[in-house]
Amino acid sequence: MRTYQRAADLGDIKKAVKEALEVKANPYKWDTMGKNKTLLMVFFNSSLRTRLSTQKAGMNLGMNTIVLDVNAGAWKLETERGVIMDGDKPEHLLEAIPVMGSYCDLIGVRSFARFENKQFDYEEVILNQFIKYSGKPVFSMESATCHPLQAFADLITIEEFKEQERPKVVLTWAPHPRALPQAVPNSFADFMNVADVDFVITHPKGYELAPEFVGNARVEYDQRKAFEGANFIYAKNWSAYADPNYGKILCEDRSWTVDTEKMSLTDNAFFMHCLPVRRNMIVTDDVIESPRSIVIPEAANRVVSAQTVIKRMLESL
Ligand code: AN0
Ligand code: CP
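Quick caveat: nothing in here was measured; it's all calculated off a predicted structure. (Residues numbered from 1 in each chain as written. Chains lettered and ligands numbered in written order. Predicted model: local features only at pLDDT ≥ 70, side-chain atom pairs only at ≥ 80, totals over all residues. Heavy atoms only, no water.)

**Q** Which parts of the structure should I look at to understand the sheet that holds strand 8 (residues 168–173)?
**A** Paired through backbone hydrogen bonds, the strands of a sheet run either parallel or antiparallel to each other. Across the sheet, five strands lie side by side as 10-9-8-11-12; this open sheet has parallel pairing. Strands with a single pairing partner mark the edges of an open sheet, and in this sheet they are strand 10 (218–219) and strand 12 (270–272). With five bridges connecting them, strand 8 and strand 9 (residues 198–202) associate as parallel partners. Paired with Thr172 across the strands is Thr202, a residue of strand 9. (Pairing = 2+ DSSP bridges. Helix = DSSP H or I, 4+ residues; strand = E, 2+ residues; numbered from the N terminus.)

See below:
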C-alpha cells in the first residue's frame, strides 16, 4: 500500500478487519519488520490520539518515529505555488516535502480543511503534494476531507462490540461552537458503506455531506426517527459542505445533543465518538459515562488501525 486515504485503499475490508484483529491479539509479532525504518509524522494541526497511537503503532513494528509539529518550531510553510514569498513564511512546502522525504521511509500527514477554498480542500492539495513530492508512502492522519485511521478504528470497534449480524449504525450530527471539518463523518461514511451494516445518517437540513462519501447511506432528517432501533450511535459535529455555505455553522440547535432520553429510542445502542468531544454540547455526561459508551476502547483501537496500515506500507517498501 503506497497511499492511505480511503476505505478502498485497504482492498477487501473483511480481510483488513481480520488482519487488524490479528495485530491486536499479537501486537509485537512483527516487531522487527520496521528495523532501521523511520516513520515521520507531520502535524499542521493539534492532536492527542493520532500522535500517540500512530507513534505507538510504529514502535510496535520496531520503527523509529519522528514527530514534526509544523507550528511549533519549524519554519512557517508557504503552500501555494507562484506566491512571491515576501510575507511571514520563509520556506515553501515544495522544498520542505522532498527534504522531509529524504529523512524517512513513511510519512503520516495531519492537515485539516482550511475552509478558505472548497476546491483546494476537496482536491486534497496538501496531502497530494506529499504523495507527489516526498517519494515515500504517505498516509492521512486527518487531511482536508478524510480521517481514515479513525474510521478504520471505528469499524474495528463496531466489529468487536456488535451483538447483531448486521447492526443498525447511525451517524448523527450534533452541535458544536466552532466550525469543524467534514473529514471524520466523510471517512466514517466511506467505511460504513463497505461494511456489513444498516447505515443511516441524520443531520439538520443544509448539512448534507459530499455525495462521494454518502454513497448508499440513508439520510434521515428527523434525528429521533433515525435513532429508533439503532445499535450504534456515532455522534460528530461538522460544518456545512454544500455551497454557498461551505465551512459555515448553520444550526446551533441544542436539541440535537445526544442525551439519555434520545438514547432510550435506540435498541440499547452503544455510543461512539472519535474524541475530542465537548461534553453537554455533543453528548451529555450521562451518556458518555454510561456502560454503553465505548469511546475509550474506540480510541484504544487507533493503535490497531495505525499498526495495520503501517504494516501494510512497510510490506510494500
Ligand atoms: C477535529 C475535527 O473535527 O476534524 C479532529 C477530530 C479528530 N476536531 C476538532 O477540531 C475539535
Ligand atoms: N480522534 C482523533 O484523531 O483525535 P486527535 O485529534 O486527538 O488526534
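**Q** Whenever I open this one, the site of ligand 1 confuses me. Can you help?
**A** Neighbouring residues of ligand 1: Phe112, Glu142, His147, Leu180, Pro181, Lys236, Cys274 and Leu275. One of the side-chain nitrogen or oxygen atoms of Glu142 is found 2.7 Å away from an oxygen atom of ligand 1. A distance of 2.7 Å separates an oxygen atom of ligand 1 from a polar side-chain atom of Lys236. About the coverage of ligand 1: the protein hides 82% of its 330 Å² of free accessible area. Considering only residue class, the shell around ligand 1 consists of five nonpolar, one polar and two charged. (Near = heavy atom within 4 Å. Polar contact = N/O pair within 3.5 Å; in protein donor to acceptor, adjacent residues only side chain to side chain. Areas by Shrake-Rupley, 256 points an atom, 1.4 Å probe, with all protein chains shown as cover. Nonpolar A, V, L, I, M, F, W, Y, C, P; charged D, E, K, R; others polar.)

**Q** Where do I start with the site of ligand 2 in this structure?
**A** The full set of residues close to ligand 2 is Ser47, Leu48, Arg49, Thr50, Arg110, His147, Gln150, Cys274, Leu275 and Arg302. Contact between ligand 2 and His147: an oxygen atom at 2.8 Å from a side-chain N or O atom of the residue. Arg302 places a polar side-chain atom, nitrogen or oxygen, 3.0 Å from an oxygen atom of ligand 2. Across the complex, the protein chains shield 93% of the 250 Å² of accessible surface that ligand 2 would expose by itself. Class assignment of the residues belonging to the shell around ligand 2 gives a composition of three nonpolar, four polar and three charged. A domain split of the shell around ligand 2 shows at least three residues from each of domain 1 (3–146 + 302–316) and domain 2 (150–299). (Domains from an automatic or database assignment.)

**Q** What is the right way to read the domain arrangement of the protein chain from this model?
**A** Put simply, an interface is often sized by how much accessible area is lost when its parts join up. Domain parsing of the protein chain yields domain 1 (3–146 + 302–316) and domain 2 (150–299). Here domain 1 and domain 2 have C-alpha centroids that lie 25 Å from each other. Taken together, the contacts link 29 residues of domain 1 with 32 residues of domain 2. Together domain 1 and domain 2 conceal approximately 2,500 Å² of surface at their shared face, both sides included; 62% is due to carbon and sulfur atoms. Looking only at domain 1, the three residues that lose the most surface to domain 2 are Phe115, Lys118 and Tyr122, adding up to 27% of its buried area. (Contact = heavy atoms within 4.5 Å. Buried area = accessible area lost by both parts, 1.4 Å probe.)

**Q** What's the story with the pattern of salt bridges in this structure? I'm lost.
**A** As a working rule, side chains carrying opposite charge can pair if their charged atoms are close by. Evaluation of the coordinates by the stated rule reveals 18 salt bridges. For Asp196, the salt bridge identified is with Arg166, shortest N-O distance 3.1 Å. Of this pair, Asp196 sits in the loop between helix 7 (183–192) and strand 9 while Arg166 sits in the loop between helix 6 (148–161) and strand 8, placing them 30 residues apart in sequence. Judged by relative accessible area, Asp196 falls into the partly exposed class, the value being 35%. (Salt bridge = Lys/Arg side-chain N within 4 Å of Asp/Glu carboxyl O. Buried < 20%, exposed > 50% of the residue type's maximum accessible area, 1.4 Å probe, protein only.)

**Q** Would you mind showing me how to read the sheet that holds strand 1 (residues 3–4) here?
**A** Spatial ordering of the open sheet is given by 1-7-6-2-3, a layout of five strands whose pairing is parallel. Each edge of the open sheet carries a strand with a single partner, namely strand 1 and strand 3 (64–69). Here strand 2 (residues 38–43) pairs with strand 3 via six bridges, running parallel. Among the inter-strand pairings, Phe43 is bridged to a residue of strand 3, identified as Asp69. Each of strand 1, strand 2, strand 6 (106–110) and strand 7 (138–140) touches helix 12 (residues 295–315); the most contacted strand, strand 7, lies at about 165° to it. (Axes fitted to C-alpha atoms, helices over the stretch in contact; angles between N-to-C directions.)

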